[in-house]
Structures are given as structure tokens and as C-alpha cells.
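Here is what each chain is made of, one letter per residue.
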Amino acid sequence: MHEGPITEVELTIGGMTCASCAARIEKKLNRMDGVSATVNYATEKARVSYGDGVGVADLIATVVRTGYTAEEPPPPEPAPGPADGPDPRPGAEADPALAALRQRLLVSAALALPVVLLSMVPTLQFDNWQWLCLTLASPVAVWGALPFHRAAWTNARHGAATMDTLVSVGTLAAYVWSLWALFFGHAGMTGMRHGFDLTVTRADGSSALYLEVAAGVVTFILLGRYLEARSKRTAGAALRALLELGAKDVTVLRGGREVRIPVGALAAGDRFVVRPGEKIATDGRVVEGSSAVDASMLTGESVPVEVTVGDPVTGATVNASGRLVVEATRIGADTQLARMAKMVEEAQNGKAEVQRLADRISGVFVPVVLLLALGTWVTWLLITDDATAAFTAAVAVLIIACPCALGLATPTALMVGTGRGAQLGILIKGPEVLESTRAVDTVVLDKTGTVTTGRMALSGVYPADGVDEKELLRLAGALEHASEHPIARAVAAGAAEATAAEGGLPVPESFQAPQSFENLAGLGVRGVVEGRSVLVGRERLLAERGITLPDGLAGVREAAEAAGSTAVLVAWDGEARGLLTVADAVKPTSAEAVARLRALGLTPVLLTGDNRAVAETVAREVGIDEVIAEVLPQDKAEVVKRLQARGRTVAMVGDGVNDAAALAQADLGLAMGTGTDAAIEAGDLTLVRGDLRAAADAIRLSRRTLATIKGNLFWAFGYNVAALPLAAAGLLNPMIAGAAMAFSSVFVVTNSLRLRSFR
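Just so it is clear, the structure is predicted and the values come from calculations on it, not from any experiment.

Describing the confidence of the model for the chain
Here comes step 1: Counting all residues, the mean pLDDT for the chain is 80, and 83% of those residues have values of 70 or more.
Here comes step 2: Of all the helices and strands in the chain, helix H8 (residues 237–243) carries the lowest mean pLDDT, 59, while helix H4 (residues 129–144) carries the highest, 95.
Here comes step 3: Here residues 76–93 scores under 50 on pLDDT; set against residues more than four positions off or in separate chains, the count is 24 contacts.
Here comes step 4: Within the model, pLDDT remains below 50 along residues 504–509, and this stretch shows five contacts once partners closer than five positions in the same chain are excluded.

So this is what it looks like as C-alpha cells:
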């Protein structure tokens, strides 16, 4: 076992044509001392961990010796900004390799179509039609199939066989047989006619032609490759779009002047201006101005968020209204956008356990098929003594047995699923997470910041008899507006909202400034507002001044405190005038989110360090029956362990540093993206927006992605299990086999692309 520091590198692999190629490269890399590698056929990347004594050059050399190319991917170049002119990359055809494949396909199809029609429809056959077919089929069998022949030869030199070997051997065998029949047999005679059958038929070998097989199979497989390449490009589009979301340049403040610079030149601590309609260049904090920010491209949430001085903002979001001055806090790879893109890319490069099984099968599949084709030929020859029928059955076996669909089943679904998740503000860390979501039956919800907002808010207004509610709010709000205490800010904000709802002026103009103000530590505040001597604070503040509560307000205070709310008393001119209650507000979407989690078959559990009265009040409001309260932060992971010990498979949703251990302990950790870095790092899924409904969406998307992977694998396995015996039994013409093989890969990729429509 290797010891010492481990380094990770990602290599871009070139020349892979099927899953067995990926399996070969992975096997060769893993044979190196101290190296652990995963090669992904769909993303064409290898993620390699290696220790001392091994360098990147050694890894690349090993891949090259295996018959492929490898290089470290260059750093992503920023997409051109408005000044650079149009982006040349939007169309799929901008990829030169895809354009070359398309050209090869179109030429091959144009040449192959007459060959297939003439060979399959006897009424179209004229004297010497077979020589025209040879003229048209030869460029397809040689130039059209050149990528298969070249890859097969490269693999043969390295003592290996892949899907290209099957295609190359199959099409060359059909073409060479046809050449022999034309030049040395009876197939070249004037007036020769040729029938077509879906199955293997007995015939005179010297007059049997397989030109339609050579041309048709190559064209079908090129079509499959082209559609597969386009689909793989589409599958990765979400990640490319994510990487290109950011702003390209930014207006910074330098020496009191505005200077336009590229985003790459921005440094942490720089202050930059964001005008309405512009993207925020990087993560930062607002130091001047207020506005609504559209974060839909990162969170999937369409409602703009109001921000003002002191609020954090995220790079790539759009300033919808006012002018902002923002101080940069994170730049480059540290920004939320860059971290999101990195997480998505890492998830797409991973492998689920089911894919590892498929890779092992792909690795041994081609040699087994070559032996099976040889066995089919020998068996038919011994039983029927018909070389033509034996040859036809053997070629059908070679052509139909491509393991491509197996190699594409998992990666394409992962690429589309994780990409779609990123668009909706759901980041899936890796394929193994998908397996966990299927088994989860219990979801533990941290209360503060997850089910609730984590901020105090005005929850109730109770005026004394004969006191006007508006006046109570106006006087208390004006006095509390001058204080910085969290409870005072909650009262002031609630009073301002109520005033605004009644058509009053916006904050802070809605309050008349106090003529005098004094903060009484631990008790509350006092001052003169609108000529009245006002007290706002605890009961003790009033008691010290000889003010007692009327029975009605005393009963309200006791009920509020029993429910976990904080009671704030208001008095003026020597009398108690009312009571305000302040509590950590439940998020407006939490009840709906809990209902959605229940609909997925999960039992919700509320976990909190708060007292039981507070916890049960919140639980009742959102529809949770099971409450675990008064838990110390360090004991949250123990609670998860106890639930697991009772046979439950537990998902944990949290956002704070004190949730990190519990998130790591849970079978599935869901971290709220509005929370701390420690929580996000510990989670398996990150919910970029602070909306608990995203937890239900994340589990649904993960389960849908896993179901798609399993459906793909079922098709890929089932196709090969069913098709090989049919081909060996002589029930499939080789050209039909080629069409079926190409369709199997296209089906798998197309099935994965359905995940793009997930809502």
C-alpha cells in the first residue's frame, strides 16, 4: 500500500470510441504503483490520484502506450464579452471533431443508400448493377470506416480489442467476401440478381454479395456515433452554461474614479459599481445602495431578492434595479459560481456502483464476442456445411454485440441530471449520493435557519383595552428603530411593514425620530416620541417604574412565553399600553416543503437546541409530528446515530457549523447553500437557495436520475442478452444488426436527455 502525500489530476483523454476503451485505460493506470484512476467515457476525462515517485508525464505516457492521447485540460477561457463580438461557440457544429464526423456520415450515407436499395430490391437491379454497388460501397468500407479500422489496428498493436475491432472485422469481412465473389466467383456475371432476407439463408457462397452490409453497417454506426456525440455535447451543456454565467469585465473604484477592467484583474477588497441590468462581477458585500437582485440563474428561484448595505451578494447574479457599490470578498476559484461548477464537474466524472459493474463487463465483452463469432461460424459450418450462412451469422454476431450502450448508460444520465440540478440550484456531489436517496426513509430537519429564517421577527401585536394598534406600533417602532439590538430591529421592521401596508411612508421616514433616547442594558429602551415618554422592553423595566400589567396582557405574556416567543412590553405616560411578541419566524415555504417530503415517503423529524415549547410550536405550524429538542450542538450527530441504530436510513438537512458533523454522519446530508462553508462541505447535496422545498426537489431529481441510469442499464444489458442469441441463431441479417446496435446507444443517450425536462 502506498504511503505519502496524494496528488489529484484530471486528464483529458483522446481517441476513446467505446466503454471498453475507457476500461482498458483505467486498468493500465491502476496497475501503476500508487495510482488510483477513474476513466469516464462520456466526459472523456480521467481523474487520477497518485503519490510520490509518479508524475503527470508518467500518467500521460502510460495512456499513450495504451494507444490513446492524454493531456491536462487548459484553464477555462472566459467567454467573449460584448466588445469581443459574437461568441463562435453556440452551435454544436462549432466542435471540429463533430463537424468532421458529420461530413463523413453525410458522404457515407449518400453513397450507401443506392447500394442498400439496389441490394435489397431485386426489381431495381439492372445488368451489372453489382459493379456500380462495388464502386459506391468501396469508399464507404475504406474511407467511411477509416476511424474504426485505424482504432482497431492501434488496439491490435497493443494486444487489445474494442468495439472498433468488432465493426472493423465485421465490415472488412463482408467487403472482402464480396470482392472474392465478384472477381473469382459468379457474382460478377452480367444479369446476376440478388435477393434480401431479414434472416440467414442458404446460398451459393460464390454468388453472395455483402456490399450492402459493408456500406449500411458503417453508415448506421457513423449515424449512431454522430447522434451520440451531439447528445453528449447537449448533456454537458448545463455545466458549460454554468461556467459562462459570470461577468466578463467590471467597473472598479480607483482613487475616486470609475475604471473598467477585466474580471480576472479584480482583487479581494476592491470596490466595484454594479448598475441596473449588469451582472455582479464576483461574491461580495454591499457597501452602498440598495436594489433587487435576480439570482434565478444560480438558485432556480425566480423572485428577486432585496439587498441593502451590509448584505452579501453572489457573483453572476443580476442587479435588477438600483445602483450598488460592492466590496469583493471572494474572487476566482473561491466564488460560489466557481465552486458550484467544480462540484458539478466532479459529480459528472464519478461512477456509481452499477456503472463499475458495466465497466467490468465492457472490459471483457469484446474478446468474448470475438470467440462467440468464431464459435458461431464453426457451429454453422459443421451443422449446415454452408459457408455463406455460417459467415453471415458470424458477421451479425460481430456487429450487433457493441457494448457502447453499457458505457453510456450511467455517465450520460449523470451529466444531464447533475446539470439540470445545477440549473435548479441543486448540487449533487457524486453518483454514490443517488444510491442513498433511494433508501432514505427519515429526514431530520434542523430548525434554525432551515425550517425557520434564523432571524427574529414580529409575530404578534396585543394592544391594551382602549389603545389603538397603529399607535402602539408607531411609538414602539420609532423608539426601537434607534436601537441595534436584534429584538429591537425585529420590532422596528415589523412596525415599518405594518405602517407601509397602511399606505404610510417607507422606512425610516415612517417613524418620527425620538426627541430623546436611552438604551438600558438587559432591560430595554426609553425615550420621548411625539411628546410622550415611552418604555419598550421587559416586564422588569416597567416594574422598576411602578407600572403593572393588566390581567389581559399578563395572560397573553404567559401564553407567548410558553409557546417560546419573546414578550416585549410597551408603556407610555406611566401606563402599560400593549405587548408585542417576537419569534424566529417560520419560512413561508416550510409547511409545503414538509408536505412534499411526506409525499416522497419520508418521515420528518424536527431537531433543535431550543426548548421543547418553541420546537413543538414550530413543528405544529409546519406539520411535523416527531420533535427532538434541547439538543446540544455537539450531540446532533449522536441523535442521527440513534435513529440509524433503530433501523432508519436518515437524511439530514442543516445549514450551520454545528450541523456539519450530523450532515456527515447521516446517510444523506443536504446542506442549505445559504449556510456555512463547513455545512456545505459536509453535505452530499447542496441546496443553493435557502428554501426547504429544494430538499424535496433534490431527492426527487436524484431518484429520477438513478431510475434513468437503471433503465438505461436494463436496456443495454437486455439488448445484448437478447440480440446475441438471435444473431448466433441466424435470425438477424448483419445490416439489421448494425442498425439495432446504433439504435441502442442513441436510445440510452436520448433516454438520459429526458432529465432536462425535470421540474
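Some points on the environment of Gly522
Here comes step 1: Tracing the chain through its elements places Gly522 in the loop between strand S17 (516–520) and strand S18 (524–529).
Here comes step 2: Between the C-alpha atom of Gly522 and that of Arg538, which follows or precedes it by 16 residues, the distance is 8.4 Å.

Topic: a positive patch on the surface
Here comes step 1: Positive charge collects at one region of the surface, where Lys27, Lys28, Arg31 and Arg65 lie side by side.
Here comes step 2: Along the chain, the position of Lys28 falls in helix H1 (residues 19–30).
Here comes step 3: The class for Lys28 is partly exposed, based on a relative accessible area of 34%.

Topic: the sheet that holds strand S7 (residues 271–274)
Here comes step 1: Ordered in space as S6-S5-S7-S13-S8-S11, the six strands form an open sheet in which the pairing is antiparallel. For this open sheet the edge positions go to strand S6 (257–262) and strand S11 (312–313), each flanked by a neighbour on one side alone.
Here comes step 2: Sheet topology places S7 next to strand S13 (residues 324–330); four bridges connect them, and they run antiparallel. Note on S13: the bridge partner recorded for Val274 is Leu324.

Structural notes on the UniProt feature "transmembrane region" (unreviewed entry) in the chain
Here comes step 1: Following the UniProt record, the feature "transmembrane region" (unreviewed entry) maps to residues 105–123, 129–146, 166–187, 207–227, 361–383, 389–410, 712–729 and 735–753 here.
Here comes step 2: Along residues 166–187, the helical share is 82% and the strand share 0%, with 26 Å between the first and last C-alpha atoms.
Here comes step 3: Within residues 712–729, the helical portion is 94% and the strand portion 0%, while the C-alpha atoms at the span's ends are 26 Å from each other.

Structural notes on unusual backbone geometry
For residues that are not glycine, phi is negative in most cases, and the peptide bond is trans in most cases.
Here comes step 1: Backbone geometry at Asp385 places phi at a positive 55 degrees, although glycine is not the residue there.
Here comes step 2: Mapping Asp385 onto the fold places it in the loop between helix H11 (353–384) and helix H12 (387–400).
Here comes step 3: Although it is not a glycine, Glu530 adopts a positive phi angle of roughly 50 degrees.
Here comes step 4: Turning to its location among the elements, Glu530 is positioned in the loop between S18 and strand S19 (532–537).
Here comes step 5: By relative accessible area, Glu530 is classed as partly exposed at 31%.

Some words on a nonpolar patch on the surface
Here comes step 1: A grouping of Leu113, Leu117, Met120, Val121 and Leu124 is seen on the molecular surface, where their side chains present a nonpolar patch of about 390 Å² in accessible area.
Here comes step 2: Along the chain, the position of Val121 falls in the loop between helix H3 (96–120) and H4.
Here comes step 3: Val121 sits in the partly exposed class, given a relative accessible area of 30%.

What to know about the pairing of strand S25 (residues 668–672)
Here comes step 1: Burial within S25 is extensive, with five of its five residues counted as buried.
Here comes step 2: On S25, burial covers both faces: Leu668, Leu670 and Met672 on one face and Gly669 and Ala671 on the other are all buried.
Here comes step 3: Bridge analysis of S25 against strand S26 (residues 685–687) gives three bridges, and the strand direction is parallel. Opposite Leu670, over in S26, you have Leu685 as the bridge partner.

Side note on the nonpolar core
The nonpolar side chains of soluble globular proteins are, as a tendency, buried together.
Here comes step 1: Core analysis: the largest hydrophobic core is formed by 62 residues, its most contacted members being Leu11, Ile13, Met16, Leu29, Val48 and Leu59.
Here comes step 2: The dominant element in this core, judged by the number of residues it contributes, is helix H7 (residues 211–235), at nine residues.
Here comes step 3: Discounting residues that sit within four places of it in the chain, Val48 has contacts with Thr7, Glu8, Val9, Leu11, Leu29, Val35, Ser36, Ala37 and Leu59.

Quick word on the packing of aromatic side chains
Here comes step 1: This model, assessed by the stated rule, comprises six aromatic pairs.
Here comes step 2: Taking the centre distance of 5.4 Å and the plane angle of 75 degrees together, the rings of Trp131 and Phe183 count as edge-to-face. Of this pair, Trp131 sits in helix H4 while Phe183 sits in helix H6 (residues 163–183), and the two are 52 residues apart along the sequence.
Here comes step 3: The class for Trp131 is partly exposed, based on a relative accessible area of 27%.
Here comes step 4: Exposure remark for Phe183: the relative accessible area of 52% places this residue in the exposed category.
Here comes step 5: Considering the side-chain rings of Trp177 and Phe391, the 4.5 Å spacing of their centres and the 25 degrees angle between planes classify their relative orientation as stacked. You can see Trp177 sitting in helix H6 and its partner Phe391 sitting in helix H12, a full 214 residues away along the chain.
Here comes step 6: Through a chain of ring-to-ring contacts, three or more aromatic side chains come together here, namely Trp177, Trp180, Tyr210 and Phe391.
Here comes step 7: Positioned above the aromatic ring of Trp143, the side-chain terminus of Arg104 is 4.7 Å from the ring centre.

Describing helix H22 (residues 636–645)
Here comes step 1: For H22, the set of buried residues is Lys636, Ala637, Val639, Val640 and Leu643. The buried residues of H22 all sit within an arc of 155 degrees when viewed along its axis, so they share a single face.
Here comes step 2: If you follow the buried residues of H22, they end up packed against strand S15 (442–446), strand S22 (603–607), strand S23 (626–628), strand S24 (650–654) and helix H23 (660–665).
Here comes step 3: Within two residues after H22, Gly647 carries a phi angle of roughly 90 degrees, on the positive side.

Quick notes on the sheet that holds S24
In a beta sheet, neighbouring strands pair by backbone hydrogen bonds and run either parallel or antiparallel.
Here comes step 1: Here we have seven strands laid out as an open sheet, ordered S14-S26-S25-S24-S15-S22-S23, and mixed in their pairing. A single partner strand is all that each edge strand has here, and the edge strands are strand S14 (426–428) and S23. Taking the axes of each pair of neighbouring strands and ignoring which way they run, one obtains an average angle of 20 degrees across the sheet.
Here comes step 2: Pairing of S22 with S23 involves three bridges; the strand directions are parallel. Among the inter-strand pairings, Leu607 is bridged to a residue of S23, identified as Ile628.

Observations regarding the side chain of Thr608
Here comes step 1: Position of Thr608 among the secondary structure elements: in the loop between S22 and helix H21 (612–622).
Here comes step 2: Setting aside its immediate chain neighbours within four residues, Thr608 contacts Lys447, Ala615, Ile628, Ala629, Glu630 and Val631.

Overview of the packing of helix H14 (residues 431–439) against helix H25 (residues 693–728)
Here comes step 1: In the contact formed by H14 and H25, the axes pass within 8 Å of each other and the chain directions differ by 110 degrees. Viewed along their axes, H14 and H25 adopt a mutual orientation that is roughly perpendicular. Residue-level inspection shows Leu434, Glu435, Thr437 and Arg438 of H14 in contact with H25, the latter providing Ile699, Ser702, Arg703, Thr705, Leu706, Ile709 and Lys710.
Here comes step 2: Grouping the constituent residues of the contact of H14 with H25 by class yields four nonpolar, three polar and four charged.

Things to note about the pattern of salt bridges
Here comes step 1: According to the stated counting rule, one finds 28 salt bridges in the structure shown.
Here comes step 2: We note a salt bridge from Glu8 to Arg47, for which the minimum N-O separation is 3.6 Å. Of this pair, Glu8 sits in strand S1 (residues 7–14) while Arg47 sits in strand S3 (residues 45–50), and the two are 39 residues apart along the sequence.
Here comes step 3: Judged by relative accessible area, which is 18%, Arg47 ranks as buried.

Conventions and cut-offs
- Residues numbered from 1 in each chain as written.
- Predicted model: local features only at pLDDT ≥ 70, side-chain atom pairs only at ≥ 80, totals over all residues.
- Heavy atoms only, no water.
- pLDDT = per-residue confidence, 0-100.
- Helix = DSSP H or I, 4+ residues; strand = E, 2+ residues; numbered from the N terminus.
- Contact = heavy atoms within 4.5 Å.
- Patch = residues over 30% accessible without salt bridge, like charges linked within 9 Å, V, L, I, M, F, W, Y side chains within 5 Å.
- Areas by Shrake-Rupley, 256 points an atom, 1.4 Å probe, with all protein chains shown as cover.
- Salt bridge = Lys/Arg side-chain N within 4 Å of Asp/Glu carboxyl O.
- Lys, Arg positive; Asp, Glu negative; His and termini not counted.
- Charge placed at Lys NZ, Arg CZ, Asp CG, Glu CD.
- Buried < 20%, exposed > 50% of the residue type's maximum accessible area, 1.4 Å probe, protein only.
- Pairing = 2+ DSSP bridges.
- UniProt positions renumbered as here; feature names shortened; annotations may be inferred.
- Core = buried A, V, L, I, M, F, W, Y, C linked by side-chain atoms within 4.5 Å.
- Phe/Tyr/Trp six-rings, centres within 6.5 Å; stacked < 30°, edge-to-face > 60°.
- Lys NZ or Arg CZ within 6 Å of the ring centre and 35° of its normal.
- Arc of directions from axis to C-beta.
- Axes fitted to C-alpha atoms, helices over the stretch in contact; angles between N-to-C directions.
- Parallel < 35°, antiparallel > 145°, perpendicular 65-115°, else oblique.
- Nonpolar A, V, L, I, M, F, W, Y, C, P; charged D, E, K, R; others polar.

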